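In case you want the letters, here they are:
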Amino acid sequence: MRSKEYISPFDIDLVACRHVTVLKCYEIGELGAIALGGEIIRGVCNRIITLDLNMCGIQSRGLNKLLYGLRVGGLTSLETLKLKHNFLTPRCLGYIKECFKSNTFENLKILDLGYNELGDEGCREISHMLCHDSKYFYNIEQINLQENMITDVGFVKLIKIIIHVQVNHAPNLNYLCLKNNPISGQIRVQYMPLPSYVSL
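Residues numbered from 1 in each chain as written. Predicted model: local features only at pLDDT ≥ 70, side-chain atom pairs only at ≥ 80, totals over all residues. Heavy atoms only, no water.

1. A short note on the overall build of the protein chain
Tallying secondary structure elements over the protein chain gives 6 helices and 7 strands in all. Going from the N terminus to the C terminus, the protein chain shows its helices and strands as β-α-β-α-β-α-β-α-β-α-β-α-β. Whereas a compact globule of 200 residues would reach a radius of gyration of roughly 16 Å, the protein chain reaches 17 Å, a difference of no more than 12%. Each of the three principal axes of the protein chain carries a C-alpha extent, and together these read 65 × 30 × 20 Å. Partitioning the contacts of the protein chain with sequence separation of at least 6, the portion at a separation of at least 24 is 86%. When the accessible surface of the protein chain is summed, it comes to about 9,900 Å², and 52% of that surface belongs to carbon and sulfur atoms. Of the charged side chains in the protein chain, 21 are positive and 19 negative, and the gap between their average positions amounts to 3 Å. (Helix = DSSP H or I, 4+ residues; strand = E, 2+ residues; numbered from the N terminus. Rg over C-alpha atoms; globule rule 2.2 N^0.38 Å. Contact = heavy atoms within 4.5 Å. Areas by Shrake-Rupley, 256 points an atom, 1.4 Å probe, with all protein chains shown as cover. Lys, Arg positive; Asp, Glu negative; His and termini not counted. Charge placed at Lys NZ, Arg CZ, Asp CG, Glu CD.)

Printed below as a string of structure tokens:
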């Protein structure tokens with residue numbers, strides 16, 4: 001039973017949600033993301049398979065604290081992480097990388113980063129992760145980078161790397177979404193045919 005002094009921004013006591021496997025949040029913002037990370041450290045919701053944080057208004061600091069909570073809380077059951085329509089910058093990929101390094105994301109299959117602000121720098125970070133450690137994306141099946149302000153520079157970097165290492169470093173990848181990014185027609189034609197799992 002939680003103490004009277006304990007303050008939570010959530011409408012319910014998450015201790016009662018220990019057996020929840022799908023957790024969907026809505027507009028929790030930075031403070032909510034930080035608080036959720038704290039709750040996970042406390043051991044609540046420790047069986048989550050799907051964490052849906054679409055349209056939550058999360059920025060770098062909130063994601064950092066949330067993912068720190070996942071690592072410290074030992075939550076390794078996560079298979080789907082949805083972070084679409086937030087305010088995530090390339091810096092956030094460093095926090096995601098730490099979860100791969102710590103094996104927190106050892107079961108992660110779907111990483112949805114659509115409609116954020118990752119840009120070309122974000123593509124470079126993902127390319128680096130793909131190229132330099134074979135375990136990070138080994139179990140990943142889907143990556144969504146739709147509408148992330150990725151230009152020709154980031155696209156070329158990512159495609160060159162992923163074509164080269166996919167078989168050994170991301171053998172289960174069956175969907176990489178790059179739709180609605182400002183990639184020129186000339187570059188699209190130049191890199192045709194793309195692997196079947198790449199969607200433009």
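On we go.
2. Re the side chain of Ser127
On the secondary structure map, Ser127 appears in helix 4 (residues 119-132). Classification of Ser127 by relative accessible area gives buried; the value is 1%. Side-chain polar atoms of Ser127 contact the backbone oxygen of Cys123, separated by 2.8 Å. (Buried < 20%, exposed > 50% of the residue type's maximum accessible area, 1.4 Å probe, protein only. Polar contact = N/O pair within 3.5 Å; in protein donor to acceptor, adjacent residues only side chain to side chain.)

3. Remarks on the sheet that holds strand 1 (residues 22-24)
Sheets are built from strands paired through backbone hydrogen bonds, the pairs being either parallel or antiparallel. Strand order across the open sheet formed by 7 strands is 1-2-3-4-5-6-7, with parallel pairing between neighbours. Both outer strands of the open sheet, strand 1 and strand 7 (198-199), are each paired with one neighbouring strand and no more. (Pairing = 2+ DSSP bridges.)

4. Focus: helix 5 (residues 152-169)
What sets the pattern is the α-helix's 3.6 residues per turn: residues three or four places apart point alike. Within helix 5, the axis deviates most sharply at Ile163, by approximately 45°. Contacts made by the buried residues of helix 5 are with helix 4, strand 6 (175-177), helix 6 (185-190) and strand 7. (Bend = angle between axes of the 7 residues up to and from the residue.)

5. Considering the state of the cysteines
Applying the stated criterion to the full structure yields 0 disulfides. Free cysteine Cys92: the closest other cysteine sulfur is in Cys99, separated by 12 Å. With no disulfide of its own, Cys177 lies closest to Cys123 among cysteine sulfurs, the gap being 12 Å. For Cys177, a relative accessible area of 1% gives the class buried. (Disulfide = S-S within 2.5 Å.)

6. Considering the confidence of the model for the protein chain
In low-pLDDT regions, the fine details of the predicted coordinates are not to be read closely. On average, residues of the protein chain carry a pLDDT of 91, and 91% of them reach 70 or more. Every residue in residues 1-7 is under pLDDT 50, and counting partners more than four places away or in other chains gives 8 contacts. (pLDDT = per-residue confidence, 0-100.)

7. Points about the pattern of salt bridges
A side chain of one charge can pair with a side chain of the opposite charge if their charged atoms are brought near each other. Tallied over the full model, the rule gives 4 salt bridges. In this structure, Asp112 and Lys84 form a salt bridge, with 3.6 Å as the shortest nitrogen-oxygen distance. You can see Asp112 sitting in strand 4 (residues 110-112) and its partner Lys84 sitting in the loop between strand 3 (80-82) and helix 3 (91-101), a full 28 residues away along the chain. Across the pair Glu98 and Lys101 runs a salt bridge, and its minimum N-O distance is 3.7 Å. Taken together, the residues span about one helical turn, with Glu98 and Lys101 both in helix 3 at a distance of 3 residues. Taking relative accessible area as the criterion, Lys101 reaches 42% and is therefore assigned partly exposed. (Salt bridge = Lys/Arg side-chain N within 4 Å of Asp/Glu carboxyl O.)

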